[in-house]
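Understanding the architecture of this molecule
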Amino acid sequence: MSAAATPEAAAQLLFPPNVQYNNSRLYTVKFLSSCFAGAVAGVLGLENTLGFALFIFSTLLTSSCLYLKCKGRPAKFVSGGWWELVNPGQENIFSFVLVWTLFYGIVHVYD
């Protein structure tokens, strides 16, 4: 049987429990990456656009590592494909800002 011709047919080839597990692991990796990037931005004392540039850089680095882990075929493992890897998610942006301000306040309180 040949590969699916349309995206809808390709989505039907994915086994839902495996996709759910992959999405769960993807969310965990993105969350930890954004928290780690927030801690780095806070410790380094980055402010304004430099801090958000670090967040964008860490998101792209994480996405490229996950892309390599998927062997260049993310649509085979997650339903959103490449966009699902790159999308940081609103909750991860908030987690980044929270950890960023926390570590900035802890390290640079007497500056």
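Residues numbered from 1 in each chain as written. Predicted model: local features only at pLDDT ≥ 70, side-chain atom pairs only at ≥ 80, totals over all residues. Heavy atoms only, no water.

Secondary structure summary: the protein contains five helices and zero strands in total. Mapped from its N terminus to its C terminus, the protein presents α and β elements in the order α-α-α-α-α. Buried positions account for 30% of the 111 residues belonging to the protein. In the protein, the share of contacts with a sequence separation of at least 24, taken over all contacts with a separation of at least 6, comes to 76%. (Helix = DSSP H or I, 4+ residues; strand = E, 2+ residues; numbered from the N terminus. Buried < 20%, exposed > 50% of the residue type's maximum accessible area, 1.4 Å probe, protein only. Contact = heavy atoms within 4.5 Å.)

A few words on the packing of helix H2 (residues 16-44) against helix H3 (residues 49-69). Relative to each other, H2 and H3 sit at 145°, their axes nearing to 9 Å. Between H2 and H3 the crossing geometry is right-handed. Residue-level inspection shows Leu26, Val29, Ser33, Ser34, Ala37, Val40 and Ala41 of H2 in contact with H3, the latter providing Leu54, Phe55, Ser58, Thr62 and Leu66. Class assignment of the residues belonging to the contact of H2 with H3 gives a composition of eight nonpolar, four polar and no charged. (Axes fitted to C-alpha atoms, helices over the stretch in contact; angles between N-to-C directions. Left-handed = near helix turned anticlockwise from the far one by under 90°. Nonpolar A, V, L, I, M, F, W, Y, C, P; charged D, E, K, R; others polar.)

Right, let's get into the environment of phenylalanine 15. Following the sequence through the fold, phenylalanine 15 ends up in the loop between helix H1 (7-12) and H2. The exposure class of phenylalanine 15 is exposed, given its relative accessible area of 52%. Along the chain, phenylalanine 15 and phenylalanine 77 lie 62 residues apart, while their C-alpha atoms are 9.3 Å from each other.

Time to look at the packing of H2 against helix H5 (residues 90-107). Contact geometry of H2 with H5 gives a least axis separation of 7 Å together with a crossing angle of 30°. Viewed along their axes, H2 and H5 adopt a mutual orientation that is roughly parallel. Seen from above, H2 lies across H5 with right-handed handedness. Contact with H2, carried on its side by Tyr27, Lys30, Phe31, Ser34, Cys35, Ala37, Gly38, Ala39, Ala41, Gly42 and Val43, involves Glu91, Asn92, Ser95, Phe96, Val99, Trp100, Phe103, Tyr104 and Val107 of H5 and no other residues of that element. Grouping the amino acids of the contact of H2 with H5 by side-chain chemistry returns 13 nonpolar, five polar and two charged. (Parallel < 35°, antiparallel > 145°, perpendicular 65-115°, else oblique.)

Moving on, we come to the environment of glycine 80. If you trace the backbone, glycine 80 turns up in the loop between H3 and helix H4 (82-86). Relative accessible area serves as the criterion here: at 35%, glycine 80 is assigned to the partly exposed category. For glycine 80 and asparagine 23, which are 57 residues apart along the polypeptide, the C-alpha to C-alpha distance reads 9.8 Å.

On the UniProt side, "transmembrane region" (unreviewed entry) is annotated at positions that read residues 27-46 and 91-110 here. Secondary structure across residues 27-46 comprises 90% helix and 0% strand; the distance between its end C-alpha atoms is 25 Å. For residues 91-110, helix accounts for 85% and strand for 0%, while the C-alpha atoms at its two ends are 30 Å apart. (UniProt positions renumbered as here; feature names shortened; annotations may be inferred.)

The subject of this paragraph is the nonpolar core. A general trend in soluble globular proteins is that nonpolar side chains are found buried together. Counting six residues, the largest nonpolar core is built from Ala37, Ala41, Leu46, Phe55, Phe96 and Trp100. Broken down by secondary-structure element, the contributors of at least two residues to this core are H2 and H5. Ignoring any residue separated from it by four or fewer positions in sequence, one finds alanine 41 in contact with Leu46, Leu54, Phe96 and Trp100. (Core = buried A, V, L, I, M, F, W, Y, C linked by side-chain atoms within 4.5 Å.)

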